[in-house]
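Chain by chain, the residues:
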Amino acid sequence: MIPTPNLDHLSPGDYEHVYEPAEDTFLLLDALEKDAEFLRNEIKPCICLEIGSGTGCVSTFLGKILGDGTALLICTDINPYASAITNKTGYHNSIQLDSITTNLVNGLLPRLYHSIDILCFNPPYVVTTSDDLYLSKSILEKAWAGGIDGREIIDKMLPLVDKLLSDKGVFYLLLINENKPNEVCEIMKNNYHLQSEVLLSRLAGREKQLILKFWRNTR
Amino acid sequence: MLQCHVKGCNSNNFPLQLSDVEIEIQETDFNPKFLRNMLSKLEWNALVKTALEINITTLPNVLPNDLDEEFLKMLHRVLLETHIKQGQMICPNCNHTYPIKDGIPNMLLSETET
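Residues numbered from 1 in each chain as written. Chains lettered and ligands numbered in written order. Predicted model: local features only at pLDDT ≥ 70, side-chain atom pairs only at ≥ 80, totals over all residues.

**Q** Break down the environment of Glu50 of chain A for me, with residues and values.
**A** Residues and elements named next belong to chain A. Mapped onto the elements, Glu50 comes out in strand 1 (residues 47-51). The spacing of Glu50 and Leu109 is 59 residues in sequence and 14 Å in space, taken between C-alpha atoms. With sequence-adjacent residues up to four places away left out, Glu50 is seen in contact with Val58, Ser59, Cys75 and Cys120. (Helix = DSSP H or I, 4+ residues; strand = E, 2+ residues; numbered from the N terminus. Contact = placed C-beta atoms within 7 Å.)

Below, the structure is given as structure tokens:
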């Protein structure tokens, strides 16, 4: 049992700028823990990447799972405040995280082409209107507003996953039922030959959350 | 590792050039396994060029075949203990400037640049 990262260094004021870990975050942690042996002994990652790291809870936890500090843990977030908090969370839990403030993975490709061994994304998945997504001035809203079917940002990420994943790479994606997870799996299979499974699912209130895991055919 | 992504800026845009940097050395545990892991992923020429911009002259122009402890310790110093706290990264092609603040590069562009 790996403890949840310590977030005592964050103040209530911090949560005005960054999304506080909730059920969805914890489901992603549980999925990584479920796969801990596999990640440590089979993937043996060199470079990990988390998109939308928020408080940095997920990558810190991943660093704890991997244990030996031999992987580079890169975290991106569109919110500069989140990038700073991510690094702090790593530091307070003795995990080195390298934050970059950017939209999804802008600036990281093509240098990281087919280089990512473990990719994690807890996307903005909440079903909203497109206007909520694109006209909102609130940086916090960008952490959850997902547009039509909650899929608008997710769908931007899908083609990038194929560019980022190494041959042995795995991608963990959190979705809710409204995001049409079956359709996402079909897109990944038909367009990029990526295999998938539902690793975990759970009800959080009325929301059915699931963790999809994707990998290349070659593995 | 970071590359300019301004719309239409497609060549000669890597590595970004460092400017006005403030460096901080933070000692960390020597981890030869991490360094050997990372070496296969590094673009050595880009690293050497970037290091020279901040007056680090310890890196050889060609990556040696024999990765002895002395070499790895030197690399540890450059890759893991040398932190750019503040500064700018400038695209050698379009001159776009990306800021580094508190050790975090900011690659965001305005809407007109994407």
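**Q** Run through the interface of chain A and chain B, naming residues and quoting values.
**A** Counting residues at the interface gives 20 residues for chain A and 18 residues for chain B. The element contributing the most residues to the side of chain A that touches chain B is helix 4 (residues 80-92) of chain A, with four residues. Grouping the amino acids of the side of chain A that touches chain B by side-chain chemistry returns eight nonpolar, eleven polar and one charged. (Nonpolar A, V, L, I, M, F, W, Y, C, P; charged D, E, K, R; others polar.)

**Q** If you had to explain the sheet that holds strand 4 (residues 116-121) of chain A to someone new, which residues and values would you point to?
**A** All names here are of chain A. Pairing is mixed across the open sheet formed by seven strands, whose spatial order is 3-2-1-4-5-7-6. Edge positions in the open sheet fall to strand 3 (98-101) and strand 6 (194-204), since each of these has one partner strand only. Between one strand axis and the next, the sheet turns through 15 degrees on average, direction left out of account. In the sheet, strand 4 pairs with strand 5 (residues 165-176) via five bridges, with the strands oriented parallel. Bridge pairing in strand 5 links Phe121 to Leu173. Across the sheet, helix 7 (residues 181-192) is in contact with strand 5, strand 6 and strand 7 (207-216); its angle to strand 6 comes to roughly 165 degrees. (Pairing = 2+ DSSP bridges. Axes fitted to C-alpha atoms, helices over the stretch in contact; angles between N-to-C directions.)

**Q** Tell me about unusual backbone geometry, and name the residues and values.
**A** A cis geometry characterises the amide bond from Leu109 of chain A onward to Pro110 of chain A, with omega recorded as 10 degrees. Its location among the elements puts Pro110 of chain A in the loop between strand 3 and strand 4. Put simply, Phe14 of chain B and Pro15 of chain B share a cis peptide bond, and its omega is -10 degrees. Relative to the helices and strands, Pro15 of chain B resides in the segment before strand 1 (17-25). With a phi close to 40 degrees, Lys44 of chain A is a non-glycine residue in the positive phi region.

**Q** Account for the sheet that holds strand 4 (residues 104-105) of chain B, naming residues and giving values.
**A** All names here are of chain B. On the basis of which strands lie adjacent, the open sheet formed by four strands has the order 1-2-3-4 and antiparallel pairing. This sheet does not close on itself; its edge strands, each paired only once, are strand 1 and strand 4. As paired strands, strand 3 (residues 97-101) and strand 4 are joined by two bridges and run antiparallel to one another. Residue pairing across strands places Ile100 opposite Pro105, the latter belonging to strand 4.

**Q** I'd like a description of helix 4 of chain A, backed by residues and values.
**A** Along its 13 residues, helix 4 of chain A runs 19 Å from first to last C-alpha, staying within 8% of the 18 Å computed at 1.5 Å per residue. One or two residues past the end of helix 4 of chain A sits Ser94 of chain A, with phi positive at roughly 60 degrees. (Expected span 1.5 Å × (residues − 1).)

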